[in-house]
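# Architecture at a glance
This is what each chain is made of:
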Amino acid sequence: MVDRKLLEMAKVYRMPTDSVIRYIYIPEIISFFRKKLGKRSDN
Amino acid sequence: MIIEVKDVSKSYNGKKVLDNFSLNIEDEHSYVITGDRGCGKTTLMRLILGLEKPDEGHVGLLGDYKYPYINAGVVFQEDRLVDGLDAVTNVAMVSKKIFRETVAEELIKFLPKELINVPVRKLSVAQRKIVAIVRACCIPSDVLIMDEPFTCVDSDTKKKLISFIREKQGKGPLVIMADNVEGFDFARIIKM
C-alpha cells in the first residue's frame, strides 16, 4: 500500500521513524481510503 | 572522505549491467558519470548508496575516521515526493536539522512563492524536480548524488540550479549521473 520508492528515499535520507510515519505512512493510508470511498460513492 | 568503488560487477536476470567497474570519488571533486541508457549509471548510484549489493567487488568508504554509512543528499530519477504534501514539507520532513523558514527561502529562489505551500501534485514535472534538488542540497551531507537531475528543466533554470548545487556542495564530492554532459564543464566526465 505504501510506495516502496518513498520508503527507499526515507531510508537514504535516514529520516527519523516518527517522520516516516507522519509524512509517508499516514498520508498514503489517508489517500488509500479516500480513493476507496470515492469508488464506493461512484457506484 | 573517499568513496571507493572497486572492481564492481552487477547483473540483473543474467544481464551484466556493471562489469569490473572501478572509481574513486574524492572530496571537493565533481563527477559526471555518463553513458547510454542502461549502461549502469543508476545501478552504480544504488550501489554507492547501499541500496544494492554488488555481485563482485566492493564499495567502501575511506577517510580520516570510520564512516558507518554515507550521509548523502540524493536526487533520484523520479522526484520521490509525497504528492499530498507541499514543497516546504517535502523538503523539511527528511531531517530535523533543517528549518521550514530556511527551506522556504531556498525554494523561492526557483519557484513562485505561492507554489511552495500547495500540494506538490499541483506542480509541473520540472517544478517537482526542483523541489527534489533543493531537498538534496538543504540537508547536511557528506556527498551529493544526483541521477538525471535536470530532465524537463529549461536551460536557464539548469544553469541556476548548477550554481546552487555547487554552492551547497561545500567540501564534499558531487556526483551527477547524466546522459547529456552539456553544462558540466566544471566536472570530471566519466564515461561508462
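Report follows, based on the coordinates.

Cut-offs applied
Residues numbered from 1 in each chain as written. Chains lettered and ligands numbered in written order. Predicted model: local features only at pLDDT ≥ 70, side-chain atom pairs only at ≥ 80, totals over all residues. Core = buried A, V, L, I, M, F, W, Y, C linked by C-beta atoms within 7 Å. Buried ≥ 20, exposed ≤ 12 C-beta atoms within 10 Å, placed from the backbone. Helix = DSSP H or I, 4+ residues; strand = E, 2+ residues; numbered from the N terminus. Contact = placed C-beta atoms within 7 Å. Pairing = 2+ DSSP bridges. Axes fitted to C-alpha atoms, helices over the stretch in contact; angles between N-to-C directions.

## Comments concerning the nonpolar core
Residue and element names in this part refer to chain B.
- Counting residues in hydrophobic clusters, the biggest one holds 62 residues, and the most contacted among them are Val91, Val131, Ile133 and Ile145.
- The element best represented in this core is helix H4 (residues 125-138), accounting for 8 residues.
- When residues no more than four places from it in sequence are discounted, the contact partners of Val91 are Val103, Val131, Val134, Arg135 and Cys138.

## Structural notes on the sheet that holds strand E1 (residues 2-12) of chain B
Residue and element names in this part refer to chain B.
- With antiparallel pairing, the 3 strands of this open sheet are ordered in space as E2-E1-E4. Of all the strands in the sheet, the pair left with one neighbour each is strand E2 (15-26) and strand E4 (56-62). Direction aside, neighbouring strands of the sheet carry axes that sit 15° apart on average.
- Examined bridge by bridge, E1 and E2 share 8 bridges and lie antiparallel to one another. Following the sheet pairing, Val8 is matched in E2 by Phe21.
- Across the sheet, helix H1 (residues 41-48) is in contact with E1, E2 and E4; its angle to E1 comes to roughly 125°.

## With respect to the pairing of E1(B)
All names here are of chain B.
- Counting the residues in the hairpin turn of E1 and E2 gives 2 residues, including Asn13, whose phi is positive at 50°.
- Bridge count between E1 and E4: 6 bridges; the pairing is antiparallel. Bridge assignment links Val5 to a residue of E4, and that residue is Val59.

The values reported here are purely geometric and, on their own, carry no functional implication.
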